[in-house]
Amino acid sequence: MSAYFWFEGIPFSAILYKKEIIEESLDKFVIRDEDSVIVSYPKSGTNWLIETICLIQTKGNPKWIQSVPIWDRSPWIETKRGFPILINKEGPRLMSSHLPFHLFPKSFFRSKAKVIYVIRNPRYILVSGYFFLRNTNLIDNPESLGTYIEWFLKGNVPYGSWFEHTRDWLSMRKNDNFLLLSYEEMKKNTRGTIEKICDFLGKKLEPDELDLVLKYSSFQAMKENKMSNYSLVLTRKGVAGDWKNHFTVAQAENFDKVFQEKMAGFPPGLFPWK
Ligand code: PPS
């Protein structure tokens, strides 16, 4: 049996979250101008981005990423574990969040803090999330991919509707304190993406330091790093193929239709996948 509660129409696992903390992070948590926040919908490549940013901060030195668990290096605002760490931390903070725009700390919108938002083809996110939930006890287990697709399209999944999450956060994409990245771009041009992040965060790295960031944030290196590999131990990589192997033709067509409807109005090319 999984213990979870609903908050504003979204299921949250009681293992990781508490209603009072989510409420407090929304209304009372103070985000400071010097903070940087990594924001994403789950399964978008967040942990990869966290590892990359930690390595940028240490100029490629792996000591920090190999000695401190990833969730303590960039604590999650809304979690039982992350919230107390963050409120007690002085100086510029690096933090993570999967919160949708309307549940994100209100103080952020009055600050100059930086947000890096990473998006990914939602079909991959869906399949990744499906296998993740099948292997964990966080909320109810979907009995089939078909069931999970229904939940996903309705937004009855952790952190709610991907469409709303993405639409709402993308409304900030022209702000100076907002950097939009995609998993697809990180894969295709990893070095270029790291340079983009460095520019955004005002960090200057030498080419050999950049090589080290690349080396230690690779899929293989993260898988071998016990301080970072929790999200990889449950992944499908090497086990199953991509979303095309899992969706039926009808499911894929229906998903396309919903995508077109819900994401209408964004410039073509904003989403770097087919
Ligand atoms: S979480 O736990 O919801 O925050 O998940 P998140 O970290 O956002 O996403 C998990 C997916 O990211 C893949 N991943 C990586 N891809 C490439 N390189 C590196 N270093 C890397 N680290 C994690 C991971 O395999 C999950 O995707 P799927 O499709 O399940 O393999």
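Residues numbered from 1 in each chain as written. Predicted model: local features only at pLDDT ≥ 70, side-chain atom pairs only at ≥ 80, totals over all residues. Heavy atoms only, no water.

You'll find the chain entered in an unreviewed UniProt entry as Sulfotransferase, with Peromyscus maniculatus bairdii given as the organism. The UniProt entry for the chain carries the following text under Sequence similarities (unreviewed entry): "Belongs to the sulfotransferase 1 family." Database annotation for the chain, UniProt heading Subcellular location (unreviewed entry): "Cytoplasm". (UniProt positions renumbered as here; feature names shortened; annotations may be inferred.)

Student: I'm lost on the overall build of the chain in this one. Help?
Tutor: When you go through the chain residue by residue, the secondary structure sums to 14 helices and six strands. On C-alpha atoms alone, the chain measures out to a radius of gyration of 18 Å, which is about the 19 Å that the 2.2 N^0.38 rule sets for 274 residues. For the chain, the spread of C-alpha atoms along the three principal axes comes to 50 × 40 × 40 Å. Per-residue burial over the chain gives 52% buried out of 274 residues. Once local pairs closer than 6 in sequence are excluded, the contacts in the chain between residues at least 24 apart make up 70%. Total accessible area on the chain stands at roughly 13200 Å², and carbon and sulfur atoms take up 53% of it. Seen as two clouds, the 38 positive and the 31 negative side-chain charges of the chain have centres 2 Å apart. (Helix = DSSP H or I, 4+ residues; strand = E, 2+ residues; numbered from the N terminus. Rg over C-alpha atoms; globule rule 2.2 N^0.38 Å. Buried < 20%, exposed > 50% of the residue type's maximum accessible area, 1.4 Å probe, protein only. Contact = heavy atoms within 4.5 Å. Areas by Shrake-Rupley, 256 points an atom, 1.4 Å probe, with all protein chains shown as cover. Lys, Arg positive; Asp, Glu negative; His and termini not counted. Charge placed at Lys NZ, Arg CZ, Asp CG, Glu CD.)

Student: So what exactly am I meant to see when it comes to the environment of Asn 156 here?
Tutor: Counting through the fold element by element, Asn 156 comes out in the loop between helix 7 (145-154) and helix 8 (162-170). According to the relative accessible area criterion, Asn 156 is partly exposed, its value standing at 31%. Considered as a pair, Asn 156 and Ile 119 are 37 residues apart in the sequence and their alpha carbons are 19 Å apart. Here Asn 156 is in contact with Trp 6, Gly 9, Pro 11 and Trp 151, once residues within four sequence places are set aside.

Student: Just checking my understanding: could you explain empty space enclosed by the protein for this structure?
Tutor: Which parts of space are left empty comes out when a probe the size of a water molecule is rolled across the atoms. In total, this model carries one cavity of 30 Å³ or more according to the counting rule given. Together, Trp 48, Thr 52, Met 186, Thr 190, Thr 193, Ile 194 and Ser 217 line the largest cavity. Every element with two or more residues in the lining of the largest cavity is listed here: helix 2 (46-57) and helix 10 (190-201). Per element, the largest residue contribution to the lining of the largest cavity is three residues, and it comes from helix 10. (1 Å grid on protein atoms, 1.4 Å probe; cavity = no way out; pocket = protein on both sides within 12 Å on 5 of 7 lines; lining within 4 Å. Points joined across faces, edges and corners; volume = space filled by probe spheres on them.)

Student: When you look at the pairing of strand 1 (residues 4-7) in this model, what are you seeing that I'm missing?
Tutor: Two faces make up the sheet, and in a regular strand the side chains alternate between them. Here strand 1 shows one buried face, formed by Phe 5 and Phe 7, and one open face, formed by Tyr 4 and Trp 6. The turn linking strand 1 back onto strand 2 (residues 10-13) is made up of two residues, and Glu 8 within it adopts a positive phi angle of 50°. (Pairing = 2+ DSSP bridges.)

Student: Help me understand helix 10, please; the structure alone is not making it clear to me.
Tutor: An α-helix turns once per 3.6 residues; consequently, residues spaced three or four apart project the same way. Look at helix 10: 17 Å from first C-alpha to last across 12 residues, which is about the 16 Å you get at 1.5 Å a residue. Listing the buried residues of helix 10 in full gives Thr 193, Ile 194, Ile 197, Cys 198, Phe 200 and Leu 201. Axial view of helix 10: buried residues confined to an arc of 165°, hence all on one face. Those residues of helix 10 that are buried lie in contact with strand 3 (36-40), helix 2, strand 5 (114-119), strand 6 (178-182), helix 9 (183-188) and helix 11 (207-216). Residue Gly 202 follows helix 10 closely and has a positive phi angle near 70°. (Expected span 1.5 Å × (residues − 1). Arc of directions from axis to C-beta.)

Student: What's the story with the sheet that holds strand 3 in this structure? I'm lost.
Tutor: Here four strands make up an open sheet; going across it, the order is 4-3-5-6 and the pairing parallel. Two strands in the sheet have a free side with no partner beyond their single neighbour: strand 4 (94-97) and strand 6. Strand-to-strand twist across the sheet, computed as the mean angle between neighbouring axes with direction ignored, equals 20°. With five bridges joining them, strand 3 and strand 5 adopt parallel strand pairing. The residue bridging Ile 38 from the neighbouring strand is Ile 116, located in strand 5. (Axes fitted to C-alpha atoms, helices over the stretch in contact; angles between N-to-C directions.)

Student: Hey, could you run me through the packing of aromatic side chains in this one?
Tutor: We describe a pair of aromatic rings using the distance from one ring centre to the other and the angle between the two ring planes. Within the structure shown, the criterion is met by 35 aromatic pairs. Measuring from ring centre to ring centre gives 6.4 Å for Phe 104 and Phe 109, while their planes differ by 80°; the resulting arrangement is edge-to-face. Phe 104 sits in the buried class, given a relative accessible area of 1%. The exposure class of Phe 109 is partly exposed, given its relative accessible area of 38%. A cation over a ring is seen here: Lys 43 above Phe 132, with NZ or CZ 3.5 Å from the ring centre. One residue, Arg 123, lies across the ring of Trp 243, its end atom 5.5 Å from the ring centre. (Phe/Tyr/Trp six-rings, centres within 6.5 Å; stacked < 30°, edge-to-face > 60°. Lys NZ or Arg CZ within 6 Å of the ring centre and 35° of its normal.)

Student: Would you mind going over the environment of Lys 203 with me for this structure?
Tutor: Considering the arrangement of structural elements, one finds Lys 203 in the loop between helix 10 and helix 11. A residue is classified by how much of its surface remains accessible, and Lys 203, at 35% relative accessible area, is partly exposed. In the structure, Lys 203 is positioned 69 residues away from Arg 134 in sequence and 40 Å away in space, judged by C-alpha atoms. Residues in contact with Lys 203, not counting those within four places in the same chain, are Ile 56 and Cys 198.

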